[in-house]
Amino acid sequence: MSNLNSSTLIVEADPYEYQLHPDKCALLIIDMQRDFLEPGGFGEMLGNDVSLLQKTIAPNQRLLAARRTAGMMVLHTREGHRQDLRDLPPSKKIRGRSEKKIGDDGPKGRILVRGEDGHDIIPELYPIAGEPVIDKPGKGAFWATDLHAILQHAGIKQLVVTGVTTEVCVNTTVREANDRGYECLVPSDCVGSYFPEFHDVGLRMITAQRGIFGWVTDPAKILAALSSGAAS
Ligand code: TIU
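Owing to the predicted nature of the structure, the values given are computational and were not obtained by experimental measurement.

Visitor: When you look at the nonpolar core in this model, what are you seeing that I'm missing?
Guide: One recurring pattern in soluble globular proteins: nonpolar side chains tend to sit buried together. By size, the foremost hydrophobic cluster in this structure holds 37 residues, and its most contacted members are Met-32, Leu-37 and Leu-185. Secondary-structure elements contributing two or more residues to this core are β2 (8–11), β3 (18–20), β4 (25–30), α1 (34–37), α4 (57–70), β9 (158–164) and α9 (219–231). Here Met-32 is in contact with Leu-37, Thr-56, Ile-57, Asn-60, Thr-77, Asp-120, Ile-121, Ile-122, Leu-125, Gly-163 and Val-164, once residues within four sequence places are set aside. Leu-75, Cys-169, Val-174 and Leu-203 belong to the second-largest nonpolar core, a separate cluster that totals 24 residues.

Here you go:
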């Protein structure tokens with residue numbers, strides 16, 4: 001780990017080193033919502049083992065603290081819909097044929113509806129003042145949101161993408177970001193899936209073909225690069 005110069009931090013990564021420019025790089029935390037992560041939430045109600053997602057909380061807390069200390073931009077997303085469900089595609093509502101659907105009363109309020117308890121971000125990673133929260137109706141964070149405009153106005157060209165789930169909202173967002181010209185770095189322990197094999201393959205899909213969609217690294221390597229930057 002070393003500094004290229006005062007404004008570039010080198011992070012060891014797959015498939016090769018990531019040149020992180022702190023002033024152009026934002027941390028984008030995807031959908032760390034109570035309904036996906038907490039026992040008794042929508043995710044668990046569907047039969048998923050939420051402990052697989054809870055493993056990501058502590059690594060995200062460490063990364064978030066370091067980014068906040070370094071004064072770098074942090075954004076959060078939440079998947080969910082309007083109270084009137086006008087932005088909920090009928091195809092999404094009926095998908096899965098489950099008894100309880102998006103918009104119905106669930107264990108933590110109406111399922112994936114904005115303003116409900118389950119829709120909100122877990123307390124461990126709660127946004128602080130100045131950190132934009134992007135409410136998204138889809139899996140990708142760019143579709144039908146103002147994320148791209150917010151990032152462009154802030155001069156952001158690189159994204160460290162964390163959150164859940166690896167193969168669904170994280171992967172979709174990385175692909176969307178890549179097509180819009182962002183360089184995406186995914187810290188492996190800061191993303192999680194209900195399906196370990198999908199987590200592994202989801203990460204491999206990002207780095208295949210010499211980084212077709214981006215880079216993957218150990219979050220400790222980002223922390224080391226940030227602390228080396230702070231020391232320089
Ligand atoms: N945030 C996100 O990934 N939403 C999902 O619905 N993920 C699933 O894996 N189901």
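There's plenty left to go through after this.
Visitor: I would appreciate a short explanation of the side chain of Asn-60 in the present structure.
Guide: With respect to the secondary-structure elements, Asn-60 resides in helix α4. In this structure Asn-60 comes out as buried when scored by relative accessible area, which is 1%. Polar contacts involving the side chain of Asn-60 include one to the main-chain carbonyl oxygen of Cys-190, which spans 2.9 Å. Aside from chain neighbours lying at most four places away, what touches Asn-60 is Ile-29, Met-32, Leu-125, Thr-162, Gly-163 and Cys-190.

Visitor: Mind showing me how you'd approach the site of the ligand here?
Guide: With respect to spatial proximity, the complete set of residues near the ligand consists of Asp-31, Phe-36, Glu-79, Lys-139, Val-164, Thr-165, Val-168 and Cys-169. Val-164 is positioned with one of its backbone polar atoms (N or O) 3.1 Å from a nitrogen atom of the ligand. A distance of 2.9 Å is found between an oxygen atom of the ligand and a side-chain nitrogen or oxygen belonging to Thr-165. Within the complex, 82% of the 280 Å² of free accessible area of the ligand lies under protein.

Visitor: Looking at this structure, how should I read α4?
Guide: The end-to-end C-alpha distance of α4 is 20 Å, a good match for the 20 Å that 14 residues give at a rise of 1.5 Å each. With its phi angle positive at about 75°, Gly-71 sits one or two positions after the end of α4.

Visitor: Whenever I open this one, the pattern of salt bridges confuses me. Can you help?
Guide: Pairing is possible between side chains of opposite charge, provided their charged atoms come close. One pass over the full model with this rule turns up 12 salt bridges. Between Lys-108 and Glu-38 there is a salt bridge, and its shortest N-O distance comes to 3.1 Å. Of this pair, Lys-108 sits in the loop between β6 (105–106) and β7 (109–110) while Glu-38 sits in the loop between α1 and α2 (42–45), and the two are 70 residues apart along the sequence. For the pair Lys-108 and Glu-38, a shared accessibility class is recorded, and that class is buried. As a salt-bridge pair, Lys-92 and Glu-79 come within 2.8 Å of each other at their nearest N and O atoms. Within this pair, whereas Lys-92 is found in helix α5 (residues 90–94), its partner Glu-79 is found in strand β5 (residues 74–79), the two being separated by 13 residues in sequence.

The rules we used
- Residues numbered from 1 in each chain as written.
- Predicted model: local features only at pLDDT ≥ 70, side-chain atom pairs only at ≥ 80, totals over all residues.
- Heavy atoms only, no water.
- Core = buried A, V, L, I, M, F, W, Y, C linked by side-chain atoms within 4.5 Å.
- Buried < 20%, exposed > 50% of the residue type's maximum accessible area, 1.4 Å probe, protein only.
- Helix = DSSP H or I, 4+ residues; strand = E, 2+ residues; numbered from the N terminus.
- Contact = heavy atoms within 4.5 Å.
- Polar contact = N/O pair within 3.5 Å; in protein donor to acceptor, adjacent residues only side chain to side chain.
- Near = heavy atom within 4 Å.
- Areas by Shrake-Rupley, 256 points an atom, 1.4 Å probe, with all protein chains shown as cover.
- Expected span 1.5 Å × (residues − 1).
- Salt bridge = Lys/Arg side-chain N within 4 Å of Asp/Glu carboxyl O.

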